[in-house]
Amino acid sequence: MIKTDIIIIGAGPVGLFAVFEAGLLKLKCHLIDSLPQPGGQCSEIYPKKPIYDIPGFASVLAGELVDNLMLQAAPFKPGFTLGEAATDIEKRADGSFVVTTSKGTQHNAPIVMIAGGLGVFEPRKPPIASIVNFEDKGVEYIIKDPEFYRGKTCVIAGGGDSALDWSIFLIEKRIAKKVILVHRSSSFRGHLDSVQKVIDLADSGKIKLITEAEVTDLRGENALEEVIVTHAKQGEIVEKADHFIPLFGLKPSLGPIGNWGLEIEKNAIKVNTLDYSTNIPGIYAIGDVNSYEGKLKLILCGFHEGTIALQSAFARIHPDKKNVLKYTTVNGINGF
Ligand SMILES: Cc1cc2nc3c(=O)[nH]c(=O)nc-3n(C[C@H](O)[C@H](O)[C@H](O)COP(=O)(O)OP(=O)(O)OC[C@H]3O[C@@H](n4cnc5c(N)ncnc54)[C@H](O)[C@@H]3O)c2cc1C
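These numbers come from a predicted model, not from an experiment. Numbers given for residues are sequential positions, taken from 1 along each chain in its written order. Residue-level local features of this predicted model are given only where pLDDT is at least 70; pairs of side-chain atoms are given and counted only at 80 or more, and the full residue set underlies all totals for whole chains, interfaces and linings. Derived side-chain values reflect all non-hydrogen atoms in the structure, with water molecules and hydrogen atoms excluded from consideration.

> Where do I start with the overall build of the protein in this structure?
A run of H or I in DSSP counts as a helix once it spans at least four residues, and a run of E counts as a strand once it spans at least two, with each numbered from the N terminus. When you go through the protein residue by residue, the secondary structure sums to 7 helices and 23 strands. Partitioning the contacts of the protein with sequence separation of at least 6, the portion at a separation of at least 24 is 61%. Only the protein chains shown count as cover for residues, with accessible areas throughout obtained via the Shrake-Rupley method and a probe of 1.4 Å. As presented, the protein carries roughly 16600 Å² of accessible surface, and 52% of it is formed by carbon and sulfur atoms. Charged side chains of the protein number 36 positive and 39 negative; the gap between the two group centres comes to 3 Å. Only heavy atoms matter for contacts: two residues are in contact if any of them lie within 4.5 Å across the pair. His residues and chain termini do not enter the charge count, which takes Lys and Arg as positive and Asp and Glu as negative. Every charge is mapped to an atom, namely NZ of Lys, CZ of Arg, CG of Asp or CD of Glu.

> Can you help me understand the sheet that holds strand S6 (residues 79–82) in this one?
Two pairing modes exist for strands in a sheet, parallel and antiparallel, and in both the strands are linked by backbone hydrogen bonds. An order of S6-S3-S2-S10-S22 is seen for the 5 strands of this open sheet, with the pairing classed as parallel. Each having just a single partner strand, S6 and strand S22 (283–285) make up the two edges of the open sheet. When the angles between neighbouring strand axes are averaged without regard to direction, this sheet yields 20°. When DSSP finds at least two bridges between two strands, those strands are taken to pair. As judged from the 3 bridges shared by strand S10 (residues 111–114) and S22, these two strands associate in the parallel manner. For Met113, the partnering residue across the bridge sits in S22 and is Tyr284. In this description, a line fitted to the C-alpha atoms serves as the axis of each element, helices being fitted only across the stretch in contact, and the angle between N-to-C directions of two axes falls anywhere from 0 to 180 degrees. With respect to the sheet, helix H1 (residues 13–24) is in contact with strand S2 (6–9), strand S3 (29–33) and S6, its orientation differing from that of S3 by roughly 175°.

Structure follows, in structure tokens:
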């Protein structure tokens, strides 16, 4: 049993910053995340995109922001349970909570802070019967490390920013040997700049673009070898490929947290804006996962919510102690 002061469910930017604010109050945190790495949406969806609305940074790559948040949290030595989803919660007689993960790891603390963002990430999968046979054997739904595709032939499917941006990136950076972009329509949903760039790359023969077509079957002995594309007019096209990467977005799903007895509205946890507490005393919800009138799903709002929620958590843990707000400029950072 892992024991701590605060169990944070979700190691996205908001959960990570909460570790720092908790540390200033001398409270220890342990984070649980179903993803194998910290950073939430920033690491999983857009690590290489610049963010322009983090106070004090005119521009910062999402991945860099996560690295900085990890550095900022480091003096307070947070614990991590990664690659495991928090599935169950139980309240003990002493008022503390036990949170259990999909792999059976148990955590105990008087406070639970849910920073679960959009919930457990579930990629939208295309309806191809054979796809499950090739998952992790040539089929990936998210590009985590572009280097994985060095020298490979990749079929990317989709018409949004992810499909366009990754097709451009893998070819322009000379990572993939060949990129074939398949889209069911001849118009794209992505940024106009990216659409034009893909068209230019297709015209110069650097990307093979197949529109008005869908991937309908996958073939291979032990791993993916061929992608079958069905074109509206030309019929079946067989493309030799090492990877098929359908980038159709991620489905927001609150996952198991939705069954914990918390008040839910619009697929998010309803909170009291006084301290971002939920209807269950001792459980708070901060960041994208919460809902209240005027809510803005922005990183900076999540930072604020976590800071306020932790003051309230401190008062619950130490009802006899008065917390006096101290500036970091005056007190510095006294790590654990
Ligand atoms: C393409 C894109 C661009 C964006 N640009 C900006 C921008 O410019 N500025 C801005 O402010 N915001 C931007 N956002 C929004 C911003 O990313 C989110 O507001 C932010 O990530 C919310 O942080 P969070 O920590 O609340 O949640 P998340 O980043 O969603 O992290 C939540 C974490 O909780 C985990 N989790 C959920 N449920 C469980 C469970 N049961 N067990 C274990 N782990 C769980 C998830 O795996 C995830 O890692 C953008 C979003 C996208 C998709």
